[in-house]
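Each chain is listed here by its residues.
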Amino acid sequence: METKKISRLSVTEKALELIWELEKKHGDLMFYQAGGCCEGTQPQCFEKGGYFPRMNDAMIGTINSHEFWIDRDLFEYWQYSHFTLDILEGFGPGGFSLETPLGKTFKVHYRLFTPEELGNLEDVRRSE
């Protein structure tokens, strides 16, 4: 019997409601979390194909079938952590993300995986 793999990514109900709203307006979406600069480490939401991950960036999972990508260097630092996508009221440091005009900002909460979880994580897909 195969053990179910541990997901690296989850989403709060509030964030999921906003994603459904964005889907209705924009269609297929994607998320990208960069490692710094002007957007900080805030996850950004784009129309699918609106951003192209760099070589070796990590896709850690999907939310409603929308890929969630992380900068390759940031992933090396956070690879031992579970990501929970949430939403905050107000504007974040970015401004390019699709939720910005709605006065909201995506945010990630992190927690370290347990040793048991680390041995059974879902695979990560790397961009080429």
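Our structure's up above, just so we're on the same page.
Because the structure is a prediction, the values reported are computed rather than measured.

Colleague: Which parts of the structure should I look at to understand a nonpolar patch on the surface?
Modeller: On the surface, Y80, L112 and L118 cluster together into a nonpolar patch covering about 320 Å² of accessible area. Of note, L118 is situated in helix α3 (residues 115-118).

Colleague: Sorry, what's going on with unusual backbone geometry here?
Modeller: A negative phi angle is the norm for most residues apart from glycine, just as the trans form is the norm for most peptide bonds. A positive phi is found at N56, a non-glycine position, where the angle reads about 75°. Within the element layout of this structure, N56 appears in the loop between β3 (43-47) and β4 (58-63). Owing to a relative accessible area of 36%, N56 belongs among the partly exposed residues under this scheme. We note that S65 has phi near 75°; this positive angle belongs to a residue other than glycine. As for its position among the elements, S65 is in the loop between β4 and β5 (66-70). With relative accessibility at 67%, the residue S65 sits in the exposed group.

Colleague: Is there a simple way to think about the environment of L22 in this case?
Modeller: Here L22 is to be found in helix α1 (residues 13-26). Residues L22 and L102 lie 80 residues apart in sequence; the distance between their C-alpha atoms is 9.9 Å. Excluding residues that lie within four positions of it along the chain, L22 makes contacts with G27, L29, C45, L98, E99, L102 and F106.

Colleague: Looking at this structure, how should I read the packing of aromatic side chains?
Modeller: Two aromatic rings are characterised by how far apart their centres lie and by the angle between their planes. Summed over the entire model, instances satisfying the criterion amount to 8 aromatic pairs. Ring centres of F68 and F83 lie 6.3 Å apart, and the angle between their planes is 75°; on these two criteria the pair is classed as edge-to-face. Placement of the pair is F68 in strand β5 and F83 in strand β6 (residues 81-89), with a sequence separation of 15 residues. For the pair F68 and F83, a shared accessibility class is recorded, and that class is buried. The rings of F31, F68, Y77, W78, F83, F106 and Y110 are connected pair by pair, giving a single aromatic cluster.

Colleague: Please explain the nonpolar core as it appears in this structure.
Modeller: One broad rule of soluble globular proteins: the nonpolar side chains tend to lie buried together. The biggest cluster of nonpolar side chains holds 22 residues, and the ones touching the most others in it are I60, F68, L85 and F106. When residues of this core are traced back to their parent elements, those giving at least two are α1, β2 (29-33), β4, β5, α2 (72-78), β6 and β7 (104-112). Broken down by element, this core gets its largest block of residues, 5 residues, from α1. In this structure, M30, Y32, F46 and W69 belong to the second largest nonpolar core, which totals 6 residues.

Criteria and thresholds
Residues numbered from 1 in each chain as written. Predicted model: local features only at pLDDT ≥ 70, side-chain atom pairs only at ≥ 80, totals over all residues. Heavy atoms only, no water. Patch = residues over 30% accessible without salt bridge, like charges linked within 9 Å, V, L, I, M, F, W, Y side chains within 5 Å. Areas by Shrake-Rupley, 256 points an atom, 1.4 Å probe, with all protein chains shown as cover. Salt bridge = Lys/Arg side-chain N within 4 Å of Asp/Glu carboxyl O. Helix = DSSP H or I, 4+ residues; strand = E, 2+ residues; numbered from the N terminus. Buried < 20%, exposed > 50% of the residue type's maximum accessible area, 1.4 Å probe, protein only. Contact = heavy atoms within 4.5 Å. Phe/Tyr/Trp six-rings, centres within 6.5 Å; stacked < 30°, edge-to-face > 60°. Core = buried A, V, L, I, M, F, W, Y, C linked by side-chain atoms within 4.5 Å.

Taken by themselves, the reported measurements are silent on function.
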